[in-house]
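A look at the structure
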Amino acid sequence: MKRLHSAPPTLRSTNHLRSSTAIRCASAVAALWAAIGAGCSSNDAFPQASPNGGSAVGGGSSAGASAGNNGIPGGGSTSSGGSPLVGSAGSAGSAGVASGNGGAHDAGTGGTAGTGGTGGTPDGSAGTGGGAAGSSGSAGASSGGGGGTPATAGLGPPMGWASWNTFAAKINHAVIKAQADAMVASGLKAAGYQYVNIDEGWWQGTRDASGNITVDAAEWPGGMAAIADYIHGLGLKAGIYTDAGKDGCGYYFPTGRPAAPGSGSEGHYEQDFLAFSKWGFDFVKVDWCGGDKEGLDAPTAYGAIADAIKKAIAQTGRPLALSVCNWGKQSPWSWAPAISTMWRTSYDIIYYGESADMNRVLANFDTALHPSAQSPGHYNDPDMLIVGMPSFSGAQNRTHLALWAIAGAPLLAGNNLATMNDETKSVLTNPEVIAINQDPLAKQGIKVADSGGRQVYSRELSGTRRRAVLLLNRGSSSASITVRFADIGVGNQAAVRNVWTATDLGTQTTSYAATVAAGDSVLLLVTGA
Ligand code: GLA
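Keep in mind that what you see is a predicted model, and the values were worked out from it rather than measured.

1. Quick look at the state of the cysteines
Here the structure, examined in full by the defined rule, presents one disulfide. Cys249 shares a disulfide with Cys289; S-S distance 2.0 Å. What sets the handedness of the Cys249 and Cys289 disulfide is the S-S torsion sign, and at about 90° it is right-handed. Highlighted residues: Cys249 in helix H7 (residues 249–252) and Cys289 in helix H9 (residues 289–294), separated in sequence by 40 residues. Using a relative accessible area of 1% as the deciding quantity, one classes Cys249 as buried. In this structure Cys289 comes out as buried when scored by relative accessible area, which is 0%.

In structure tokens:
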């Protein structure tokens, strides 16, 4: 009975959830997770190529490209990111992208609007290809202010899709291929999404006599290298998944397949991470079910995993980003930034069999706020998105994405990309919201006001006195919420823009107030005059 949220009815009725009603599952899973310490996570330093590719909302200037390496901006040359702030239509971000070859802390030669690109490696070895952005950029849209290109492949929080929230363990080559195709066809790739992450279910814990991982050839024709190749062929990046312990989550909480003993990498770290890299994977999420059950020390285990990844990268020359997934146990924000690209800060946003729940979104947002841990290339991870999952309204989808944008959180969509409706697509691809999320300063928003759950969050953006501001109403009735400019450091006068409606609201003095429906939010871009 495993977690994972709102699994589709077909999955829900399968055997994983022995306790199969959603409610039973939800509470049972929560208890189990609590007992076992469930978790998941991402990986290690992995430079997503060019850092600032596009620019921030409003067209930030200066998007300097720098090479990606280990999370440390390499300094590449700059380019002029998007267009000027208000008013003009963002000229498609001439995103400065590093060209890649920047070694570790040095620069990429950047500036050319590239596509794709892998950025440097954690240990500083070369990245290939430059960064991204360029093209699809033009977030600028109509009324200006939204200029710039979403920084697709910079050191911004990873963007992509992961299989878990919709498919649980019921994945195979065909499922992943269809989602990768949909990422392109739906416009998500053009908006900056690039990872196609295979979560649990690809491996049932089998190995050959030499300890090499083996998979079911009928489900994965050509092995895992074939699906990574397919993903790369679309100009996307590929992610894979394992556990830090001996047995993975699929052993303790089967969700669509029989319990899989041995489905963790403990005892095989170097062998497995080298295999992932040789197969072509660019990202690996390392879960914590076995690690937690065995009582492993998380900093030690993930440190060993990061070392194994470095060795793999040294051998293959391919960057491999680490996503630490130990659910916030042992305060990963205090040790994971040094070894990973992102680290989970809480339990799952949705468990297998559950419906999407806004309370979980808010709780995961709250527990992910560790501003001092975050920097370009290193992100607190409140979990994969449930935007567009069954039962979520348009307003909930917008608030969810706005929260992840304010937090600078990884944007890993979890809905079914092949069947999503236009509203979900437009939420996930909103260029101004993505630009906030990907802002090169990588800051997290902080709460600057709170009156009985009527809250104001402010996130510092690149540029001069630019802030993303979220007016969030956690109450049960509509309310007016005010952002006081003194609280966000933009001076006395500021231009205010409603991001979701793409409406400039003029220059305001001292403060700005909006009516916010119960449970809803208003996302603003505020620029000091
Ligand atoms: C844990 C993780 C989830 C997902 C599942 C897979 O619950 O936190 O994100 O990876 O395992 O079983």
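2. Comments concerning the pattern of salt bridges
Applying the stated criterion across every chain yields a total of 20 salt bridges. Measuring nitrogen to oxygen at the nearest pair gives 2.6 Å for the salt bridge that ties Arg344 to Asp348. Taking relative accessible area as the criterion, Arg344 reaches 1% and is therefore assigned buried. A salt bridge links Arg474 to Asp366, with the shortest nitrogen-to-oxygen separation between them at 2.7 Å. Residue Arg474 is located in the loop between strand S14 (466–473) and strand S15 (479–484), and its partner Asp366 is located in helix H11 (residues 358–367); the two are separated by 108 residues in the primary sequence. For Arg474, a relative accessible area of 28% puts it in the partly exposed group.

3. Quick notes on the pairing of S15
Side chains of S15 alternate between two faces, with Ala479, Ile481 and Val483 buried and Ser480, Thr482 and Arg484 left unburied. Looking at chain direction, S15 and strand S18 (residues 511–516) are connected through six bridges and run antiparallel. When the sheet's bridge partners are listed, Thr482 is paired in S18 with Ala513.

4. Considering empty space enclosed by the protein
Where empty space is left in the structure can be found by rolling a water-sized probe over the atoms. On inspection of all chains with the given rule, the structure shows three cavities of 30 Å³ or more. For the largest cavity, the calculated volume is near 110 Å³. Together, 17 residues line the largest cavity, and Glu200, Gly201, Trp203, Gly250 and Ser263 are the ones closest to its centre. Elements represented by at least two residues in the lining of the largest cavity include exactly strand S6 (237–243) and H7. Among the residues forming the lining of the largest cavity, the class breakdown is eight nonpolar, seven polar and two charged.

5. Things to note about the sheet that holds strand S17 (residues 503–509)
Taken in spatial order, the six strands of this open sheet run S12-S13-S14-S19-S16-S17, and their pairing is antiparallel. Lying at the two open borders of the sheet, with one neighbouring strand each, are strand S12 (446–451) and S17. Adjacent strand axes in the sheet meet at a mean angle of 25°, parallel and antiparallel pairs treated alike. Sheet analysis places strand S16 (residues 493–498) next to strand S19 (residues 521–528), joined by five bridges and oriented antiparallel. Bridge pairing links Ala495 to Thr527 in S19. Sheet contacts for helix H12 (residues 394–407): strand S13 (454–460), S14 and S19; angle to S14, the most-contacted strand, approximately 140°.

6. Topic: the packing of H11 against H12
Interaxial distance between H11 and H12 falls to 11 Å at its minimum, and their mutual angle equals 5°. By the angle class used here, H11 and H12 are roughly parallel. Facing H11, whose interface residues are Met358, Val361, Leu362, Asn364 and Phe365, H12 presents Gln396, Thr399, His400, Leu403, Trp404, Ile406 and Ala407. Split into classes, the residues belonging to the contact of H11 with H12 amount to eight nonpolar, four polar and no charged.

7. Topic: the side chain of Glu200
Its place among the elements puts Glu200 in the loop between strand S5 (195–197) and helix H6 (223–233). At 3.2 Å, the side chain of Glu200 and the backbone nitrogen of Gly250 are in polar contact.

8. With respect to the confidence of the model for the protein chain
For the protein chain, per-residue confidence averages 78 on the pLDDT scale, and residues scoring 70 or more make up 71% of the total. Below pLDDT 50 for its whole length, residues 1–153 participates in 549 contacts with residues either more than four positions away or in separate chains.

9. Here we look at helix H10 (residues 298–316)
The terminal C-alpha atoms of H10, which comprises 19 residues, lie 26 Å apart, in line with the 27 Å expected from a rise of 1.5 Å per residue. By the burial criterion, the buried members of H10 are Ala298, Ala301, Tyr302, Gly303, Ile305, Ala306, Ala308, Ile309, Ala312 and Ile313.

10. Details of the nonpolar core
Among the nonpolar cores identified, the biggest contains 95 residues, and Trp202, Phe281 and Tyr302 are the most heavily contacted of them. It is H10 that provides the largest number of residues to this core, a total of eight residues. Ranked by size, the runner-up nonpolar core spans 17 residues in total, among them Val456, Phe485, Ala494 and Leu524.

The rules behind the values
Residues numbered from 1 in each chain as written. Predicted model: local features only at pLDDT ≥ 70, side-chain atom pairs only at ≥ 80, totals over all residues. Heavy atoms only, no water. Disulfide = S-S within 2.5 Å. Helix = DSSP H or I, 4+ residues; strand = E, 2+ residues; numbered from the N terminus. Buried < 20%, exposed > 50% of the residue type's maximum accessible area, 1.4 Å probe, protein only. Salt bridge = Lys/Arg side-chain N within 4 Å of Asp/Glu carboxyl O. Pairing = 2+ DSSP bridges. 1 Å grid on protein atoms, 1.4 Å probe; cavity = no way out; pocket = protein on both sides within 12 Å on 5 of 7 lines; lining within 4 Å. Points joined across faces, edges and corners; volume = space filled by probe spheres on them. Nonpolar A, V, L, I, M, F, W, Y, C, P; charged D, E, K, R; others polar. Axes fitted to C-alpha atoms, helices over the stretch in contact; angles between N-to-C directions. Contact = heavy atoms within 4.5 Å. Parallel < 35°, antiparallel > 145°, perpendicular 65-115°, else oblique. Polar contact = N/O pair within 3.5 Å; in protein donor to acceptor, adjacent residues only side chain to side chain. pLDDT = per-residue confidence, 0-100. Expected span 1.5 Å × (residues − 1). Core = buried A, V, L, I, M, F, W, Y, C linked by side-chain atoms within 4.5 Å.

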